[in-house]
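Listed below are the residues making up each chain.
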Amino acid sequence: MRKIFSAIAFFIFWQTCFAQELSYYLPDSVQYNPAIPKPKEIIYHNVGEWHVTHDRLVNYMQALAKAAPDRIKLENIGFTYEGRPQILLIITSPKNHQNLEQIRQQHVQLTDPSKSASLNTDAMPIVLYIGHSIHGNEPSGANASLLSAYYLAAAQGPQIDNLLEHVVILFDPSFNPDGLQRFSTWVNQHKSKTLVTDAASREFSEVWPGGRFNHYWFDLNRDWLPAQHVESQNRLKWFHLWKPNILTDHHEQGSNATFFFQPGVPSRVNPLTPTKNQELTGKIAKFHAQFLDRIGSLYFTKENYDDFYYGKGSTYPDVNGSIGILFEQASSRGHAQQTNNGILRFPFTIKNQFTTTLSTLAAAGALRKELLDWQREFYRSASSESAAYGIKGYVFGDAEDKAKTEIFVTMLRRHQIEVYSLKNTMKAEGLDFSSTSSYVVPANQPQYRLIRGIFDKTLNYKDSIFYDITAWTMPLAFGLPYSELSATQFNQNLVGDKITADKIIAGKVTGGKSEIGYLMEWSEFYMPAVLYELQNAGITTRVATNGFEMNTAGSNKKYKYGTILIPVSLQTMSGEELYNKVKSAAEKYGVTINSISNGSVSSGSDLGSSKFLPVVKPSIAMIVGIGVNATDAGEIWHLLDQRFNIPMTHLEVASFNRVELGKYNTLIMVGGTAYTDLNKDKLKTWIQGGGTLILTEEAVTWAAQNGVSNVVLKRLKSGVDSSKLLTYSDREQIEGAQAMSGAIFRAEADLSNPLAYGYTQPYVSLFKANKVYMERTKSPFATPFYYKDKPLQSGWLSKENAEAMKNAAAVVVNASGSGKIISIADNPNLRAFWLGGTKLMINAIFFGRIIDAGSARAE
Ligand SMILES: [Zn+2]
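Residues numbered from 1 in each chain as written. Predicted model: local features only at pLDDT ≥ 70, side-chain atom pairs only at ≥ 80, totals over all residues. Heavy atoms only, no water.

1. A look at the overall build of the protein chain
Broken down by element type, the protein chain carries 26 helices and 37 strands. For 859 residues, the compact-globule estimate of 2.2 N^0.38 gives 29 Å, and the protein chain sits close to it at 29 Å. Seen along its three principal axes, the alpha-carbon backbone of the protein chain occupies a region of about 95 × 70 × 65 Å. Excluding contacts between residues fewer than 6 apart, the proportion of contacts in the protein chain whose partners are at least 24 apart in sequence is 79%. (Helix = DSSP H or I, 4+ residues; strand = E, 2+ residues; numbered from the N terminus. Rg over C-alpha atoms; globule rule 2.2 N^0.38 Å. Contact = heavy atoms within 4.5 Å.)

2. Regarding the sheet that holds strand S8 (residues 259-261)
The strand order across the open sheet formed by 7 strands is S2-S3-S6-S4-S7-S9-S8, and the pairing between neighbours is mixed. Either end of the sheet is taken by a strand with one partner, and the two such strands are strand S2 (72-79) and S8. Taking the axes of each pair of neighbouring strands and ignoring which way they run, one obtains an average angle of 20° across the sheet. As defined by bridge partners, S8 adjoins strand S9 (residues 323-330) across 3 bridges and the pair is classed as antiparallel. Residue pairing in the sheet places Phe261 in a bridge with Phe327 of S9. Lying on the sheet, helix H13 (residues 368-387) is in contact with strand S4 (126-132), strand S7 (246-253) and S9; it crosses S4 at an angle near 90°. (Pairing = 2+ DSSP bridges. Axes fitted to C-alpha atoms, helices over the stretch in contact; angles between N-to-C directions.)

3. Description of empty space enclosed by the protein
Counted by the stated rule, this structure contains 3 cavities of 30 Å³ or more. There is about 50 Å³ of room inside the largest cavity. Surrounding the largest cavity, Glu635, His638, Leu639, Arg643, Pro828, Asn829, Ala832, Phe833, Trp834, Leu835 and Thr838 form its lining. Top contributing element to the lining of the largest cavity by residue count: helix H19 (residues 630-643), with 4 residues. When the residues that make up the lining of the largest cavity are grouped by side-chain class, the tally is 6 nonpolar, 3 polar and 2 charged. (1 Å grid on protein atoms, 1.4 Å probe; cavity = no way out; pocket = protein on both sides within 12 Å on 5 of 7 lines; lining within 4 Å. Points joined across faces, edges and corners; volume = space filled by probe spheres on them. Nonpolar A, V, L, I, M, F, W, Y, C, P; charged D, E, K, R; others polar.)

4. Notes on the side chain of Thr783
When you line up the elements, Thr783 lands in the loop between strand S33 (763-768) and strand S34 (785-786). Polar contacts involving the side chain of Thr783 include one to the side chain of Thr777, which spans 2.7 Å. (Polar contact = N/O pair within 3.5 Å; in protein donor to acceptor, adjacent residues only side chain to side chain.)

5. With respect to the nonpolar core
Ranked by size, the top nonpolar core spans 175 residues in total, and within it Phe396, Leu683 and Phe785 carry the most contacts. Here this core gets 7 residues from one element, more than from any other, and that element is helix H25 (residues 838-847). Among all residues touching Phe785, those that are not within four sequence positions of it are Ala747, Glu748, Ala749, Leu755, Ala756, Tyr759, Val764, Ala809, Ala810, Val811 and Leu840. Formed by 66 residues, the second largest nonpolar core is a distinct cluster that contains Ile36, Leu163, Leu280 and Ala289. (Core = buried A, V, L, I, M, F, W, Y, C linked by side-chain atoms within 4.5 Å. Buried < 20%, exposed > 50% of the residue type's maximum accessible area, 1.4 Å probe, protein only.)

6. Regarding the packing of aromatic side chains
According to the stated counting rule, one finds 48 aromatic pairs in the structure shown. Residues Trp374 and Phe378 carry aromatic rings whose centres are separated by 5.8 Å and whose planes lie at 75° to one another, so their mutual orientation is edge-to-face. Of this pair, Trp374 and Phe378 both sit in helix H13, 4 residues apart, which is roughly one turn of the helix. When sorted by exposure, Trp374 lands in the same class as Phe378, which is buried. A cation over a ring is seen here: Arg235 above Phe175, with NZ or CZ 4.6 Å from the ring centre. Arg235 extends its terminal NZ or CZ atom over the ring of Trp224, reaching a point 4.5 Å from the ring centre. (Phe/Tyr/Trp six-rings, centres within 6.5 Å; stacked < 30°, edge-to-face > 60°. Lys NZ or Arg CZ within 6 Å of the ring centre and 35° of its normal.)

7. Quick word on the side chain of Arg452
Residue position: Arg452 is located in helix H15 (residues 448-455). The class of Arg452 is buried, set by a relative accessible area of 17%. A distance of 3.4 Å separates a polar atom in the side chain of Arg452 from a polar atom in the side chain of Tyr389. Once you skip the residues sitting within four places of it in the chain, Arg452 turns out to touch Leu272, Tyr389 and Tyr394.

8. What about the packing of helix H17 (residues 527-536) against helix H18 (residues 575-589)?
Where H17 contacts H18, the two axes come as close as 10 Å, and the packing angle between them is 150°. Viewed along their axes, H17 and H18 adopt a mutual orientation that is roughly antiparallel. In this structure, H17 meets H18 at a crossing whose hand is right-handed. Note on element contacts: H18 touches H17 through Lys581, Val582, Ser584, Ala585, Lys588 and Tyr589, opposite Ala529, Val530, Glu533 and Leu534. (Parallel < 35°, antiparallel > 145°, perpendicular 65-115°, else oblique. Left-handed = near helix turned anticlockwise from the far one by under 90°.)

9. Quick look at the pairing of strand S28 (residues 620-624)
Taken across its 5 residues, S28 has 5 buried, putting it largely inside the fold. A two-sided burial pattern is seen for S28, the buried positions comprising Ile620, Met622 and Val624 on one face and Ala621 and Ile623 on the other. With 5 bridges joining them, S28 and strand S29 (residues 648-652) adopt parallel strand pairing. Residue pairing for S29: Met622 is matched across the bridge by His650. Where the polypeptide runs from S28 across H19 and back to S29, its parallel neighbour, the crossover connection is right-handed. With 3 bridges joining them, S28 and strand S30 (residues 666-669) adopt parallel strand pairing. Bridging across to S30, Ile620 finds its partner in Thr666. (Right-handed = clockwise from strand over helix to strand, strands pointing away.)

10. As for the coordination of the zinc ion
Donor atoms from the polypeptide that bind the zinc ion are His135 (ND1), Glu138 (OE), Glu138 (OE) and His251 (ND1), placed at 2.0 to 2.6 Å. Taken together, the 4 donor atoms coordinating the zinc ion and their angles of 54 to 154° define a geometry best described as irregular. Counting gaps between the donor residues of the zinc ion yields the pattern H-x2-E-x112-H. Residue His135 is located in the loop between S4 and helix H7 (140-154), and its partner His251 is located in strand S7; the two are separated by 116 residues in the primary sequence. Both residues of the pair, His135 and His251, count as buried. (Donors = N, O, S within 2.8 Å, 3.2 Å for Na, K, Ca; no water. Tetrahedral: all angles 85-135°; square planar, octahedral: opposite > 155°, others 65-115°.)

11. A closer look at the environment of Met474
In this fold, Met474 is placed in helix H16 (residues 474-478). Through-space distance from the C-alpha of Met474 to that of Met411 is 9.9 Å; in sequence the pair is 63 residues apart. Setting aside its immediate chain neighbours within four residues, Met474 contacts Leu225, Pro226, Phe408, Met411, Ile454 and Phe833.

12. Quick notes on the pattern of salt bridges
A complete count under the given rule lists 35 salt bridges for this structure. Glu377 serves as the salt-bridge partner of Arg380, at 3.8 Å between the closest nitrogen and oxygen. Of the two residues, Arg380 and Glu377 are both situated in helix H13; the distance of 3 residues between them amounts to about one turn of the helix. The structure contains a network of salt bridges with shared partners spanning Glu138, Arg212, Asp219, Arg222, Asp468 and Arg831. (Salt bridge = Lys/Arg side-chain N within 4 Å of Asp/Glu carboxyl O.)

13. So, helix H8 (residues 158-166)
If you check which residues of H8 are buried, you get Ile160, Leu163 and Leu164. Along the axis of H8, the buried positions cluster into a sector of 95°, meaning they face one direction only. Its buried side turned inward, H8 meets strand S3 (85-91), helix H4 (94-98), H7, strand S5 (155-156), strand S6 (167-172) and helix H12 (346-366). (Arc of directions from axis to C-beta.)

14. Digging into the environment of Ile90
Summarising the element assignment, Ile90 is placed in strand S3. With relative accessibility at 2%, the residue Ile90 sits in the buried group. What Ile90 contacts, discounting residues up to four positions off in sequence, is Arg71, Ile72, Lys73, Glu75, His97, Leu100, Val168, Ile169, Leu170, Trp238 and Trp242.

Quick look at the structure:
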């Protein structure tokens, strides 16, 4: 009896204490289904007591889907780089679940002007995408998802029944599982039983690179448009499968702030986003204000954040007939932290995020028909707007780089842009577009606005302050030959078959096994992967520093600078084995390698000429760690590892100072402030001994200022006129305009320089988001890439920065002893979509050491 009594007492105590914890967050007017597990029953702690790990978050969502199958369907939408599942809950009423596919199909028809006119939106459910913590170290979103999901699974009564009847929710508890896991591990391991709120405590200073990023240190909230990462690719598939009307994006901001929700700064909305989008954002915002007022939380809108770059989660929906909403909660970072507003506790940050999910649900219910009608109107008006627009289509394609062309086509198709093969070979703007290797995108199609968001060049801006980059013109970024087609150039005769699947490029060796050698044309995107694989197998290779012509594959062919020669006689393996290895690499990477049947050239250097130089297998290390720009470093890691299967050591400064450097022949340093403690003498000795040092962005400045390179930096004039009377309140605008947020510049390229091997045009578009300006060298051969007097192609640029860019060097090569220093002032690898810069980066790695030291030293 006593046992039973104590069991009951414990149960009551446990319930009370439990209910109290959840009741801090949940609306008190609602009854909850007791059969639905509360978070603690699955994750072993109360919400906000610890930071939920991704594993436990997934466990909880699976438990909910199991306990409430009539409301929740769990989809596994893919896996992250670290193998974590990306899950999506589809939440709606039991009745809607029975017709889910039919509801989806009907909903998506709103985005198809050929079908949408007859649809009746009076009773159609609205579709919501609720997403959390794309920055893994902004955890209140993902932790709030425990509450939102519990609420949606367990709440009872007519209010929730009515809501679920009219709403289909796509619910992603964690946009960035790898980052969330990394961050939760950090803060949980530093938590004290007696919470320490001192902001200086280690709990609040995560170790480099931090949980913000995905596995390769990328900011996934810049990848919605480039979509080069698996997380984005999986997510976009579901975005377009369902075409949500609202997408919420729960973030965190600095600890001393309050809570932000969109709309953002009105003058910083992308001009392609219709006004109506911002009107509706404003209407939805009224619900957030009302719900936050109810719990007494302070907030702000229309400041700090913008709606400009379509690669962000809260802006991408705006150009897809949807409304993207950014939430920014002040971060407690750890469990509780002293701030200007007192102690900010983790549970409070979670509560605000949960509350704005409730306000979004209320807004969706109330504005349902208006939002559905807007989606239909958005796509209907695309046709009339494109009719009034001067550009009728775009043609693009690189016959010498088929793989890169295909990566671009795949990117477009991820956004449901219709791409067609080019029916007839054509010429535009002096470029030849072959029907076998080019594509055409007509402007008049439902995704008209997004197409412009991808192809447009912009030189005029309403505002001169940007939260992120100011231009991202994709064909320039990819380095693809392309042309905008006017009404006189564009016609239906150009439009071939619609592309409906990713093209697999078959690799081969033309001409079969050779007794002489094989030739690889360097222009193809995946050639570096092929070259490394062959080198790694012990195969000796040569690079052509001259052009030549010879008969291969049955016809006379011009081979350009940078062609790779694999001579049979120089190998230690048999001709048979060599052929098998060459063939297998060609097939693996989808490239064509030509077999040489007759060793004589019809013009240019003979194969035995000293103009064919040995290519040394790169052995690469990159400096990483505190003070190194993690995204810049991550871009190089991703490029080498994911695209080319080339390994690279990550060296912290302390390790650099300690290890034997002789095992590396290539060292990479990217932007950052990490290099103060780096042993400069050790670095210089290593270069003089034959090492190749590759520097990008601010590392260029560091090397120039520390006597490592001979680069001469340009002095920048101040943009603030001290002779003028300026008001204090204007300072943000005046200083902001001087920032280099990121714009696109055309660099001229010397195609005969080893750093330009593989480029097919004598120019390339580079991306600059820094103030590193280099003077050209006295020797013209040491500046293989440079800017002319007006290099800006797209983006915001102040007068002072334009002056500094004028005739500047983009890339400078210095020699030191038998080594080389290659300074690249810009970022050739931006966000994994700047494939126009890939050859430059890769050439520095493979061919940097063969650049003629004599001419470079003439500097
Ligand atoms: Zn964020």
